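Survey of secondary and tertiary structure
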Amino acid sequence: MLQVRMDSKVRTVFGKGPMRQLRMGEITPGNLYSGGKPPVSLQFETPRLYKDLLFIHGRNAVVSLQVEGDNAGERHVLVQEIQKDPTTGHLLHIDFLEIDLQKAAKFTVPIEYVGTAKGVDLGGELQVYKHTVQLRGCPLDIPDVISVDITPLEQGGAGLTYGDLTLPAKVEMLEKSSVTCVAVQ
């Protein structure tokens, strides 16, 4: 799984007016939630945060969050929610969820189909039924993407199922292994 480092500071101002002042000064407010503990109010430099979020967009990423003014040190978090202005697209707020790297969790991982199927070369049409797979495992054991070679697929054949996917050790699939992911018609 992808790992990214982000820097932030503890936020000491609250309310509608002060939040507008922060955003005008290119600072994005945020919160850090960690199961049962009180949330930590954060602030980020907007240009740097925007660049980091673009880098991890659409991928599972563990963020190593360095919080200046917090005595907990480095925290490992997942991006939980990003709020944007609907008309301009500017960042308004971001929420993070603290995770334990040693506990298994559920993740959605994209499936990447590699190659050209034999059946497509002979005039068939590739039918992709599934683009993602649900996996359970420790965050650092989860792959960024599951790559599948579709070259041997023939027209009218059974196709590839979730059971045909190769998974890393310590990772469990949460899908039915008999479900077809891709086939050539």
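Keep in mind that this is a model prediction, so the values were computed, not measured.

Looking at the nonpolar core
- Formed by 24 residues in total, the largest nonpolar core has its most connected members in Ile 111, Val 133, Leu 135 and Leu 165.
- For this core, the secondary-structure elements that each account for two or more residues are strand 7 (105–114), strand 9 (132–137), strand 10 (146–149) and strand 13 (180–184).
- Looking at this core, the element that brings in the most residues is strand 7, giving four residues.
- Once residues within four sequence positions are removed from consideration, Ile 111 is found in contact with Lys 130, His 131, Thr 132, Val 133, Val 145, Ile 146, Val 148, Tyr 162, Leu 165 and Cys 181.
- Grouped together as the second largest cluster of nonpolar side chains are 18 residues, Leu 32, Val 63, Leu 91 and Ile 94 included.

Observations regarding the sheet that holds strand 1 (residues 2–10)
- In spatial order, the strands read 1-3-2-6-5-4; together these six strands close into a barrel with mixed pairing. Mean inter-strand twist for the sheet, computed between neighbouring axes without regard to direction, equals 45 degrees.
- Of the pairings in the sheet, the one linking strand 2 (residues 27–34) to strand 3 (residues 37–45) comprises seven bridges and is antiparallel in character. Each residue of the ladder has a partner; that of Pro 29, found in strand 3, is Gln 43.

Rules used throughout
- Residues numbered from 1 in each chain as written.
- Predicted model: local features only at pLDDT ≥ 70, side-chain atom pairs only at ≥ 80, totals over all residues.
- Heavy atoms only, no water.
- Core = buried A, V, L, I, M, F, W, Y, C linked by side-chain atoms within 4.5 Å.
- Buried < 20%, exposed > 50% of the residue type's maximum accessible area, 1.4 Å probe, protein only.
- Helix = DSSP H or I, 4+ residues; strand = E, 2+ residues; numbered from the N terminus.
- Contact = heavy atoms within 4.5 Å.
- Pairing = 2+ DSSP bridges.
- Axes fitted to C-alpha atoms, helices over the stretch in contact; angles between N-to-C directions.

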